[in-house]
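# Architecture and fold: a report
Below, each chain spelled out in residue letters.
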Amino acid sequence: MQRFSLPQESQKALLRRVGAEPCDVDVPGWVIELAARVRRHLDGKLDDFRDVLIDFSEASVFEATVYRALRGVGPGETTTYGTLAAIIGEPGAARALGRAMATNPVPLLVPCHRVLAAGGKVGGFSAYGGSVTKERLLAIEGVRWSRQGDLFA
């Protein structure tokens, strides 16, 4: 898998996000099963999706390293840009990490919504709905915080 999208405001926006054209094709069984798993996750039956094979060949080496490391942050867990940068051995790369998150081709499967800004603040999110969507995903996973950014796991 190279592309995945959370719901978008329209089919046109969805196709633009994943770089596809409308077409009539038979949907492979693994895609149907993955969609069912995503629905169950969003209904509160949490899944880490670590077994889903993802093709990072279109990502830079840095982005692929970030995405692989981030797959280790499970549902209900969070990390910060700075912590993740240190984990991959690039402690000064928090901003570059943010750019990698903004171009994540497979959100939820590479859980960029679990990366918070310093001090536990929600930070941005490039999926449709922005930080509101990020907050909803985190809430589904049981992560809570105050408006001041203090986490309550």
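Heads up: the structure comes first, above all this text.
Now for a description of the structure that goes with this document. Bear in mind the structure is a predicted one, so any value in this text is a computation, not a measurement.

The rules behind these values
Residues numbered from 1 in each chain as written. Predicted model: local features only at pLDDT ≥ 70, side-chain atom pairs only at ≥ 80, totals over all residues. Heavy atoms only, no water. Helix = DSSP H or I, 4+ residues; strand = E, 2+ residues; numbered from the N terminus. Buried < 20%, exposed > 50% of the residue type's maximum accessible area, 1.4 Å probe, protein only. Contact = heavy atoms within 4.5 Å. Areas by Shrake-Rupley, 256 points an atom, 1.4 Å probe, with all protein chains shown as cover. Salt bridge = Lys/Arg side-chain N within 4 Å of Asp/Glu carboxyl O. Expected span 1.5 Å × (residues − 1). Core = buried A, V, L, I, M, F, W, Y, C linked by side-chain atoms within 4.5 Å. Axes fitted to C-alpha atoms, helices over the stretch in contact; angles between N-to-C directions. Parallel < 35°, antiparallel > 145°, perpendicular 65-115°, else oblique. Nonpolar A, V, L, I, M, F, W, Y, C, P; charged D, E, K, R; others polar. Lys, Arg positive; Asp, Glu negative; His and termini not counted. Polar contact = N/O pair within 3.5 Å; in protein donor to acceptor, adjacent residues only side chain to side chain.

### A look at the overall build of the protein chain
In terms of helices and strands, the protein chain carries six helices and four strands. Helices and strands in the protein chain line up, N terminus first, as α-α-α-β-α-α-β-α-β-β. Counting the 153 residues in the protein chain, one finds 38% classified as buried. Across the protein chain, contacts joining residues at least 24 apart in sequence account for 57% of those joining residues at least 6 apart. With the model as given, the accessible surface of the protein chain reaches about 8,600 Å², and the carbon-plus-sulfur share is 54%.

### Thoughts on unusual backbone geometry
At Phe 49, a residue that is not glycine, the phi angle is positive and equals roughly 60 degrees. Mapping Phe 49 onto the fold places it in the loop between α2 (29–42) and α3 (61–70). A relative accessible area of 0% places Phe 49 in the buried class. The backbone of Leu 108 sits at a positive phi, close to 80 degrees, despite the residue not being glycine. Following the sequence through the fold, Leu 108 ends up in the loop between α5 (94–102) and β2 (115–116).

### As for the pattern of salt bridges
Inspection of every chain in the model, using the stated rule, returns five salt bridges. Among the ionic pairs, Asp 51 bridges to Arg 37, the shortest N-O distance being 2.7 Å. In this pair, Asp 51 sits in the loop between α2 and α3 while Arg 37 sits in helix α2, placing the two residues 14 residues apart along the sequence. Taking the shortest distance from any N to any O, the salt bridge between Asp 48 and Arg 50 comes out at 3.5 Å. Overall, the relative accessible area of 39% leaves Arg 50 in the partly exposed class. Residues joined by salt bridges that share partners form a network here, namely Arg 37, Asp 47 and Asp 51.

### What about α2?
For α2, with 14 residues, the first-to-last C-alpha span of 20 Å sits near the 20 Å given by 1.5 Å per residue. Every buried residue of α2 is accounted for by Leu 34, Ala 36, Arg 37, Val 38 and His 41. In this structure, the buried residues of α2 make contact with α6 (130–140). Once α2 finishes, Gly 44 follows within two positions and takes phi at roughly 105 degrees, a positive value.

### Focus: the nonpolar core
In this structure, Val 66, Leu 70, Leu 97 and Met 101 are the most contacted members of the largest nonpolar core, which totals 27 residues. Listing elements by their share of this core, those giving two or more residues are α2, α3, α4 (81–87) and α5. Looking at this core, the element that brings in the most residues is α3, giving four residues.

### Details of the packing of α3 against α5
Contact geometry of α3 with α5 gives a least axis separation of 10 Å together with a crossing angle of 80 degrees. In terms of their interaxial angle, α3 and α5 are classed as roughly perpendicular. Judged by residue contacts, Phe 62, Glu 63, Val 66, Tyr 67 and Leu 70 of α3 engage Ala 96, Leu 97, Ala 100 and Met 101 from α5. For the contact of α3 with α5, a count of residues per class yields eight nonpolar, no polar and one charged.

### What to know about the side chain of Arg 71
Among the secondary structure elements, Arg 71 is positioned in the loop between α3 and β1 (79–80). No salt bridge is formed by the buried Arg 71, whose closest oppositely charged neighbour, Asp 51, lies at an N-O distance of 6.1 Å. Engagement of the side chain of Arg 71 in a polar contact is seen with the backbone oxygen of Val 52, the distance being 2.8 Å.

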